[in-house]
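# Commentary on secondary and tertiary structure
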Amino acid sequence: MLIDRVIQWNACVNFLPLWLAPNMVTLLGFFFVLGNVFLLQVMDPELQGPKQAWVCYSYAFGVWAYSTMDNIDGKQARRTGTSSGLGELFDHGIDSLNCTLASLLETSAMGLGPTRLGESLNPNYTTSRPDTVVQQSLDDLERKSLVC
C-alpha cells in the first residue's frame, strides 16, 4: 500500500517541468483551495450546505489537488536540487493556512452552519430575527412579573 503511494507521487512529479519552482507547486495547490473558498462565499455563505452537488465535487477536487501538489513539492525540490529550509518553512506555512480553509469547506459540505455548534461559534448568527428575540425576552419578563 505504501509502495503504491510512493510510486503514484513519483509518477505525478514527472509531469512537472524542471523549471517549475517547488514553492510555485505549493502555491498552485493552495490556489485550488482558495478558489473553492471563493466558491463557498458565493454558493453557501451561511455554511448550510451547498444546494448543488457539483459544489461538493469541486470542494473534493480542490482538496485532492492541494494534497497532491503538497506531496510532490518536496520531490520537485529534490529533483531540481533546490530544497532549502526556507522552502520547507513556506510549505508548512501554506499547510497551516490550508487547515483552516479546508475545514471551512468541510463545514459547508456537511451543512454545519445553522446547528447549535455553528451558532455557538458565531454569536452574531441567529436563526430568528433579533427584534423577535428581544420581544420574546420582554414578553417573558412581563409574564414573570404578573405571576409574582
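In this text the structure is predicted, and so the values were computed from the model without any measurement. (Residues numbered from 1 in each chain as written. Predicted model: local features only at pLDDT ≥ 70, side-chain atom pairs only at ≥ 80, totals over all residues. Heavy atoms only, no water.)

## Side note on the overall build of the chain
- When helices and strands are tallied, the chain shows 6 helices and 0 strands.
- Expressed as a percentage of its 148 residues, the buried residues of the chain come to 29%.
- Put simply, 77% of the contacts in the chain that link residues at least 6 apart link residues at least 24 apart.
- Of the roughly 10,100 Å² that the chain leaves accessible, carbon and sulfur atoms contribute 65%. (Helix = DSSP H or I, 4+ residues; strand = E, 2+ residues; numbered from the N terminus. Buried < 20%, exposed > 50% of the residue type's maximum accessible area, 1.4 Å probe, protein only. Contact = heavy atoms within 4.5 Å. Areas by Shrake-Rupley, 256 points an atom, 1.4 Å probe, with all protein chains shown as cover.)

## Details of unusual backbone geometry
- One non-glycine residue, Leu47, lies in the positive phi region at around 55°.
- In this fold, Leu47 is placed in the loop between α2 (22-43) and α3 (53-80).
- What makes Leu47 buried here is its relative accessible area of 17%.

## Points about the packing of α2 against helix α4 (residues 85-110)
- Relative orientation of the contacting elements α2 and α4 amounts to 20°, with a least axis distance of 10 Å. As judged from the angle between their axes, α2 and α4 are roughly parallel. Like other packed secondary-structure pairs, α2 and α4 cross with a definite hand, here left-handed. Residues Asn23, Thr26, Leu27, Phe30, Val33, Leu34, Asn36, Val37 and Leu40 of α2 lie in contact with α4, whose contacting residues are Gly87, Phe90, Asp91, Ile94, Leu97, Asn98, Leu101, Ala102, Leu104, Leu105 and Ser108.
- Considering only residue class, the contact of α2 with α4 consists of 13 nonpolar, 6 polar and 1 charged. (Axes fitted to C-alpha atoms, helices over the stretch in contact; angles between N-to-C directions. Parallel < 35°, antiparallel > 145°, perpendicular 65-115°, else oblique. Left-handed = near helix turned anticlockwise from the far one by under 90°. Nonpolar A, V, L, I, M, F, W, Y, C, P; charged D, E, K, R; others polar.)

## Topic: the environment of Val55
- Along the chain, the position of Val55 falls in helix α3.
- Counting along the chain gives 15 residues from Val55 to Leu40, while the straight-line C-alpha distance between them is 8.2 Å.
- Excluding residues within four positions of it along the chain, Val55 makes contact with Leu39, Met43 and Pro50.

## A look at the environment of Thr68
- Here Thr68 lies in helix α3.
- On the accessibility criterion, Thr68 (7% relative accessible area) is buried.
- Sequence-distant contacts of Thr68, that is, excluding residues within four places in its chain, are made with Trp9 and Cys12.

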